[in-house]
Amino acid sequence: MCGKAWVNGLVPYVDFTDSKGPLLWAVYALGYVISPYSYLGVFWLSCLAWTVTLLLAWRSAVVLLENERSAFVAMTAVALAGLLPHVHNETRCEDFAMPFVAFVVYALCCAMWRREWSWTLGVGIGVSVAATALMKYNITVMLMPFVLLAWVTAWRRCGETVSRLCMQGAVGALAVALPFFVCFMIEGNLLAFVNEYLFVTLHTTGNTGVVDNTLRSLLSPAGVCVVGVFVVSAWAMVRLMPCYKKAALVCNVLFFAVCAINSRSYYFTIYSPFAVFAGVALVGAYSVFFTRRRVALLSVLTVAALLVGSNLYSHDLRNVDNGDFFTQNNAIRREFYAMECMVAQVPEARMVCMTGANVGVCSGALPACKYWATQWGSTSEMDRQQIDACVSGRADFAVVPSAPECRHIVDEIKRAGWHVYDFSDGPMSYILMSRKLLDVRRDACRMSNVDVLLKRRPQFCR
């Protein structure tokens, strides 16, 4: 929604915001341009991001194993760590930040094992730092110990000077950050960006029960798997390091500690590029076996089948009914399309989402106010802005949870003359509210399995 809003002329951090950085919204904007009425464009961009991540993981493994075929097998450890459904069930910011983390791993491998450094690696480090900072800056905080380790290694083992390293990093960082700085200066929202992205995000993050969320995440089944990946990968990296072993261990611990603070399971996918060291350790121990062409090919195909099968099966179990196994055309999708059918009845609708449902994708709706979507740890002022947007008539639709504690919101908006369309008996358990009276025909909103598979824009939204 934020990328779409930017493309349609709304000003970031003034007309809309969502606690993320402008580079991520630029990626989403490109996804919107590719596919304006579905997430298909974002999906293909995430495929590209993962392709680059795995390519860099393969290059890192080649540096360590000095064999392209066995490195190809070692690369699959990254895919297993980041794409299994216990931690990855939808496209997130971490998917697009992943290539930059993988590049830092590759640069460190070149400096540490090959004792090689170049302007490309130095500039790429600067690009990676700036890019992650302009997507989700806690990823930059996690990454900086490894960046420092790469710089120290380049200085001590590759003969690079500190001034050259700083210059390389500055060139890469400015190449990413300068366009956004100039854009925000022209639009006059630079101070709003700094306030919303840095300070407001820190404030809302602190409102979410940091300790409870951290413990709940780490003690969950997904958390146990994530800790296992971290322990094995960190151990393998330290074991393989020719020097600076203690520094590498400290870097891993710091990365994981920052990632674990106030975490959700998908946060840990950003550690996936480091799983290449686990893959290298395993493949290296059986190098004669994995250098065989058929064994390498079978290993990669097995991992691919495991990832596809587990994602299909696990996503199927997440829903109320089974629906169609391959396209996931089920009760949740039928409810989503029913809401889209209703929103499409108002051209250029403005939305407020007090839930996690981004209704308005197929119908082309835009944010109605700056805090158009309820953020994790949102303040009372943010929640109040959503209600005021509805009562004042700036919003055309609101999606409200049907929970009892949200009943006063429904009542207040209803008193302003809004109409209530109750979906509380469905799997998403939401209430759709509209400023205008709508024609309710849920049967007209059904989508075929082929339509869902190809992500066609519904006929009723055209």
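Residues numbered from 1 in each chain as written. Predicted model: local features only at pLDDT ≥ 70, side-chain atom pairs only at ≥ 80, totals over all residues. Heavy atoms only, no water.

The pairing of strand E1 (residues 350-353) with strand E2 (residues 366-367) spans two bridges and is classified as parallel. Bridging across to E2, Arg 350 finds its partner in Leu 366. (Pairing = 2+ DSSP bridges. Helix = DSSP H or I, 4+ residues; strand = E, 2+ residues; numbered from the N terminus.)

Mapped onto the elements of the fold, Gln 168 is located in helix H8 (residues 162-187). Note on Gln 168: relative accessible area 0%, which makes it buried. What Gln 168 contacts, discounting residues up to four positions off in sequence, is Trp 117, Ser 118, Trp 119, Gly 122, Val 123 and Glu 160. (Buried < 20%, exposed > 50% of the residue type's maximum accessible area, 1.4 Å probe, protein only. Contact = heavy atoms within 4.5 Å.)

In terms of residue burial, strand E3 (residues 397-401) counts as a mostly covered element, since five of its five residues are buried. By the alternation rule, side chains of E3 split into Phe 397, Val 399 and Pro 401 and Ala 398 and Val 400, which are all buried. Pairing between E1 and E3: three bridges, direction parallel. Residue Cys 353 lies in a different strand from E3, and its bridge partner there is Val 399. Relative to strand E5 (residues 430-434), E3 runs antiparallel, the two being bridged by five bridges. Along E5, the bridge assignment pairs Val 399 with Leu 432.

Strand order in the open sheet made by the five strands is E2-E1-E3-E5-E4, with mixed pairing throughout. The open sheet has two free edges, formed respectively by E2 and strand E4 (419-423), since each of these has just one partner strand. The pairing of E4 with E5 spans five bridges and is antiparallel. Directly across from His 419, in E5, lies its bridge partner Ser 434.

To continue, consider the state of the cysteines. Put plainly, two cysteines are in a disulfide when a covalent bond ties their sulfur atoms together. Taken as a whole, this structure holds zero disulfides when the rule is applied. In this structure Cys 47 is not part of a disulfide, and its nearest cysteine sulfur, from Cys 93, lies 17 Å away. Residue Cys 47 is classed as partly exposed on the basis of its relative accessible area, which comes to 27%. Note on Cys 109: no disulfide assigned, nearest cysteine sulfur contributed by Cys 110 at a separation of 7.0 Å. According to the relative accessible area criterion, Cys 109 is buried, its value standing at 0%. (Disulfide = S-S within 2.5 Å.)

Bringing the side chain of His 88 into the picture now. With respect to the helices and strands, the residue His 88 is situated in the loop between helix H4 (68-83) and helix H5 (93-114). At 2.7 Å, the side chain of His 88 forms a polar contact with the side chain of Asp 95. When near neighbours in sequence (up to four residues on either side) are disregarded, His 88 contacts Trp 50, Gly 82, Leu 83, Asp 95, Thr 269 and Asn 311. (Polar contact = N/O pair within 3.5 Å; in protein donor to acceptor, adjacent residues only side chain to side chain.)

Let us now look at unusual backbone geometry. The phi torsion at Tyr 13 lies on the positive side, around 70 degrees, for a residue other than glycine. Residues other than glycine seldom take positive phi values, yet Glu 348 does so here, at roughly 50 degrees. Topologically, Glu 348 is positioned in the loop between helix H16 (331-343) and E1. Look at Glu 348 and you get exposed, because its relative accessible area is 71%.

Glancing now at the packing of aromatic side chains. By the definition in use, this model includes 21 aromatic pairs. Relative to Phe 184, the ring of Tyr 13 lies with its centre 6.1 Å away and its plane at 85 degrees, an arrangement referred to as edge-to-face. Residue Tyr 13 is located in the loop between helix H1 (2-7) and helix H2 (22-34), and its partner Phe 184 is located in helix H8; the two are separated by 171 residues in the primary sequence. The pair Tyr 13 / Phe 184 is uniform in exposure class, with both members buried. Measuring from ring centre to ring centre gives 5.6 Å for Phe 193 and Tyr 197, while their planes differ by 20 degrees; the resulting arrangement is stacked. Here the residue Phe 193 and the residue Tyr 197 both occupy positions in helix H9 (residues 190-205), the gap between them amounting to four residues, near one helical turn. A relative accessible area of 12% means that Phe 193 is categorised as buried. We classify Tyr 197 as buried; its relative accessible area is 2%. These aromatic residues form a ring-pair network of at least three members: Trp 6, Tyr 13, Phe 16, Trp 25, Tyr 137, Phe 184, Phe 193 and Tyr 197. One residue, Lys 136, lies across the ring of Tyr 267, its end atom 3.9 Å from the ring centre. (Phe/Tyr/Trp six-rings, centres within 6.5 Å; stacked < 30°, edge-to-face > 60°. Lys NZ or Arg CZ within 6 Å of the ring centre and 35° of its normal.)

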